[in-house]
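Take a look at the letters that make up each chain.
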Amino acid sequence: MFASENALLKRGFVVAAQNTSSSSSRRTNAVQGVKRHPRRRQSRKNERSSKTLVVTNMAKPPSNSAVSNIRVEKSEVKPGCVVELSVAVPMDVLAISYENAIDEAVAQAEIPGFEAPKKKDGSRKKSDTKRPPMNMLLKAVGKDTFLQLCIEDTLQNTLPQAMQFVAKEAIQDSETIATTPRQLAEAFGGPECTPSKELEYVIKICVQPTVQWTKNIDSLEATYVSPGNDETDKRDAETLFENRLRDLATMRVIADRGLEEGDVAVIDINAMDTSGNSLPGIETKDFRLDTATTDLKLPGLMEQIVGIKTGEEKDFNLSFPEDWSVKSVAGKTAMFTVKVNELFSREMPTLSDDIAEDIFTGSKTVDEAKAQILEAQKMSREVEEKIVKDEAVLDALAAACSCEIPESVLREQSENMFGEHLTQMQMEGKMSMKAIQALASEKNMNKFVTERAEEIKLICRRTIACEALFTEKNMVITQGELSDELKNQVKDLEAQGIEYDEERMIQNARAALEAAKTIQWLRDNVKLTELPPLERSSA
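Computed from a prediction, not measured in an experiment: that's the story for all the values here.

**Digging into the overall build of the protein chain**
Step number 1: The helix and strand tally for the protein chain stands at 15 helices and 15 strands.
Step number 2: Residues classed as buried in the protein chain amount to 42% of the 539 residues present.
Step number 3: Of the accessible surface of the protein chain, which amounts to about 28,700 Å², a share of 48% is contributed by carbon and sulfur atoms.

Below, the structure written as structure tokens:
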């Protein structure tokens, strides 16, 4: 890779090409794809590749009038809502950037005898710096570093001017430079890196899609499956009660027998395919397996590990179901290796009012604890029902929205969903940190995106549809509403000791208010039909 690209990467001005695929459970947030508007994107961590550059730090247009002489050609909208700007930077602008790069290089190099006098605060004034011979300067800072300074200054001086051609339609933070650093540096190919020809580069930007409604949005209908009722609440509350008793049980080390259902074991698990290659994401060390509560979704796994004693290891073959969530292993047979490191049994507590407070805080009797758990379960179900309803109306709106999804919106949503997927697996204790890190590769991310492509597109379509609805229905956000939302967000962040950017906070507050108003309109105007809860076995 051209060395100047490394320097640009380190300085945070540009980063290498992003993957167009990368990714969340729909159920994580009922208004997912609404709160995160494509015009208000959060900044992403820099990613490395070698094809295009992503602009992450755009300077304000300089006062120098020469910049106005750049030539910009705008393409038609291409697939993925992409527009390309072909920019030609004349030699006089490059000459200015070259001089600026020299000043910056001299300041960085601090060559003895060519330093500006120090001021009282220890800093130096660039204008007082003496310039060394160019061959000495290039040797001191390195040719690639100097070229990087030339490119950076050129981009800072010309990008804002070029972006004015798409200012009203561009999706924020979607711009990427398709021209490679090596190609950019060719413009400074003269003696001592002087400008030798016009610098030409191409900017790719995603623009807002055109939305067409396939249905009358004032008469949308939707159905949803109820998450439960009074009967399911009773069963769920009983399960929660039994789980709480298990939490209060005394754990006893087992030394004289093998694992039985109901025990808690600390195990190592790994799996290989028929060729002897480890399956990614399976290897886990010291996994705490509670056989009483953990749902081992792989058929036959529990039967295979029953009887293994502490310190013992067992190899066995199992086949993944055809509908297994990880498509790469679905329907395939793998050889598993399971070792039991520790084994415990539960000694359940005596059920009496003495432990009522431990079962549910504030309870004085077991019956009161059960009643409190039931009430908490009902409240939880009501929250879930609200989420399910919101998802239903959002899906109805998205289904009525016909539009192309911008590349940048798909990319960002993919990255978010993949990251949340890994985080969820870690929080649920399904995998160790080492296994999670092994999964966090470009290859696995691409697989995830392929498998969840339709879900990702649906969430993106929700976002676009909600923004279009907000505009079409002439919804507005008052200054008072924005001020109150900002105060709430700032208060929460300050309470957590989190630093924040004021401009970004305003964008986030506005996005949250737009989402809330859009969801409320859908709740008020979409006709909802409730379906009975799905049948499920009793606890």
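**Section: the nonpolar core**
Step number 1: Core analysis: the biggest nonpolar cluster contains 48 residues, and Leu220, Leu397, Leu422, Leu469, Leu482, Leu522 and Val526 have the highest contact counts within it.
Step number 2: Secondary-structure elements contributing two or more residues to this core are strand S8 (221–225), helix H9 (366–399), helix H10 (407–427), helix H11 (433–439), helix H12 (442–451), helix H13 (453–472), helix H14 (479–495) and helix H15 (502–525).
Step number 3: Sorting elements by how many residues they give to this core places H13 first, with eight residues.
Step number 4: Ignoring sequence-local partners within four residues, the contact set of Leu522 consists of Val393, Leu394, Leu397 and Leu469.
Step number 5: In this structure, Val83, Leu94, Leu184 and Leu199 belong to the second largest nonpolar core, which totals 41 residues.

**So, the pattern of salt bridges**
Step number 1: In the structure shown here, the tally under the stated rule is 19 salt bridges.
Step number 2: The partner of Arg381 in a salt bridge is Asp230, with the nearest N and O atoms 3.5 Å apart. Of this pair, Arg381 sits in helix H9 while Asp230 sits in helix H6 (residues 230–247), and the two are 151 residues apart along the sequence.
Step number 3: Through salt bridges with shared partners, a single network forms among Glu99, Asp103 and Arg131.

**Quick word on the confidence of the model for the protein chain**
Step number 1: On average, residues of the protein chain score 83 in pLDDT, and 83% of them reach the 70 mark or higher.
Step number 2: Looking over the protein chain, one finds the lowest element-wise mean pLDDT in strand S1 (residues 14–16), namely 31, and the highest in S8, namely 97.
Step number 3: Every residue in residues 1–65 is under pLDDT 50, and counting partners more than four places away or in other chains gives 215 contacts.

**Notes on unusual backbone geometry**
Step number 1: Of note, the phi angle at Cys81 is positive, near 60°, even though the residue is not glycine.
Step number 2: By the element assignment, Cys81 lies in the loop between strand S3 (71–74) and strand S4 (82–89).
Step number 3: Looking at Cys81, the relative accessible area reads 4%, which means it is buried.
Step number 4: A positive phi angle, close to 65°, is found at Asp173, a residue other than glycine.
Step number 5: The residue Asp173 is located in the loop between helix H4 (143–163) and strand S5 (176–177) in this model.
Step number 6: Accessibility expressed as a relative area gives 25% for Asp173, which makes it partly exposed.

**A word on the pairing of strand S10 (residues 264–272)**
Here is the key point about a regular strand: its side chains alternate between the two faces of the sheet.
Step number 1: Extensive coverage of S10 is indicated by the burial of seven of its nine residues.
Step number 2: Here S10 pairs with strand S11 (residues 284–290) via five bridges, running antiparallel. The residue bridging Ala265 from the neighbouring strand is Leu289, located in S11.
Step number 3: As judged from the nine bridges shared by S10 and strand S13 (residues 333–347), these two strands associate in the antiparallel manner. The residue of S13 that forms the bridge with Val266 is Glu342.

**What about the state of the cysteines?**
Step number 1: Tallied over the entire structure, the rule returns zero disulfides.
Step number 2: We note that Cys150 lacks a disulfide partner, and the nearest cysteine sulfur, in Cys193, lies 6.6 Å from it.

**Describing the packing of aromatic side chains**
Step number 1: Using the criterion set out here, one finds four aromatic pairs in the structure.
Step number 2: Ring geometry for Phe316 against Phe336: centres 5.9 Å apart, planes inclined by 5°, an arrangement best described as stacked. On the criterion of sequence distance, the pair formed by Phe316 in strand S12 (residues 313–319) and Phe336 in strand S13 is long-range, its members being 20 residues apart. As far as the burial class goes, Phe316 and Phe336 line up, both buried.

**A word on the environment of Gly258**
Step number 1: Relative to the assigned elements, Gly258 resides in the loop between strand S9 (250–253) and S10.
Step number 2: Between the C-alpha atoms of Gly258 and Ile305, which are 47 residues apart in sequence, the distance is 9.1 Å.
Step number 3: Residues in contact with Gly258, not counting those within four places in the same chain, are Asp263, Gly307, Ile308, Lys309 and Leu343.

**What about the environment of Ile459?**
Step number 1: By the element assignment, Ile459 lies in helix H13.
Step number 2: Residues Ile459 and Leu394 lie 65 residues apart in sequence; the distance between their C-alpha atoms is 9.1 Å.

**With respect to H6**
Step number 1: Its 18 residues place the ends of H6 26 Å apart at the C-alpha level, agreeing with the 26 Å of an ideal helix rising 1.5 Å per residue.
Step number 2: The elements touched by buried residues of H6 are helix H8 (356–359) and H9.
Step number 3: At the N-terminal end of H6, a side-chain oxygen is found 3.0 Å from the backbone nitrogen of Glu231, two or three residues along, and the residue is Asn229.

**Considerations on the packing of helix H2 (residues 91–109) against H4**
Step number 1: Two numbers describe how H2 lies on H4: the axes approach to 8 Å, and their chain directions differ by 130°. Between H2 and H4, the interaxial angle falls into the category oblique. Where H2 crosses over H4, the two elements pack in a sense that is right-handed. Along its contact with H2, which presents Val93, Leu94, Ile96, Ser97, Tyr98, Asn100, Ala101, Ile102, Glu104, Ala105 and Gln108, the element H4 presents Thr145, Phe146, Leu149, Cys150, Asp153, Thr154, Asn157 and Thr158.

**So, the side chain of Asn157**
Step number 1: With respect to the helices, strands and loops of the structure, Asn157 is situated in helix H4.
Step number 2: For Asn157, a relative accessible area of 11% translates into the label buried.
Step number 3: Side chain to side chain, Asn157 and Asp153 meet in a polar contact 2.9 Å long.

**Quick look at the packing of H10 against H13**
Step number 1: At their nearest, the axes of H10 and H13 sit 10 Å apart, and the two run at 120° to each other. As summarised for this structure, H10 and H13 are arranged oblique, according to the angle between their axes. Judged by the sense of rotation from one axis to the other, the crossing of H10 with H13 is right-handed. Residues Val409, Leu410, Gln413, Ser414 and Met417 of H10 touch H13, and the partners they reach there are Glu455, Ile456, Lys457, Ile459 and Cys460.
Step number 2: The class makeup of the residues in the contact of H10 with H13 is six nonpolar, two polar and two charged.

**Brief notes about the environment of Glu514**
Step number 1: Examined against the element boundaries, Glu514 turns out to sit in helix H15.
Step number 2: With a relative accessible area of 6%, Glu514 lands in the buried category.
Step number 3: Here the alpha-carbon distance between Glu514 and Cys466, two residues 48 residues apart in the chain, equals 8.6 Å.

Each value, and the rule that gives it
Residues numbered from 1 in each chain as written. Predicted model: local features only at pLDDT ≥ 70, side-chain atom pairs only at ≥ 80, totals over all residues. Heavy atoms only, no water. Helix = DSSP H or I, 4+ residues; strand = E, 2+ residues; numbered from the N terminus. Buried < 20%, exposed > 50% of the residue type's maximum accessible area, 1.4 Å probe, protein only. Areas by Shrake-Rupley, 256 points an atom, 1.4 Å probe, with all protein chains shown as cover. Core = buried A, V, L, I, M, F, W, Y, C linked by side-chain atoms within 4.5 Å. Contact = heavy atoms within 4.5 Å. Salt bridge = Lys/Arg side-chain N within 4 Å of Asp/Glu carboxyl O. pLDDT = per-residue confidence, 0-100. Pairing = 2+ DSSP bridges. Disulfide = S-S within 2.5 Å. Phe/Tyr/Trp six-rings, centres within 6.5 Å; stacked < 30°, edge-to-face > 60°. Expected span 1.5 Å × (residues − 1). Polar contact = N/O pair within 3.5 Å; in protein donor to acceptor, adjacent residues only side chain to side chain. Axes fitted to C-alpha atoms, helices over the stretch in contact; angles between N-to-C directions. Parallel < 35°, antiparallel > 145°, perpendicular 65-115°, else oblique. Left-handed = near helix turned anticlockwise from the far one by under 90°. Nonpolar A, V, L, I, M, F, W, Y, C, P; charged D, E, K, R; others polar.

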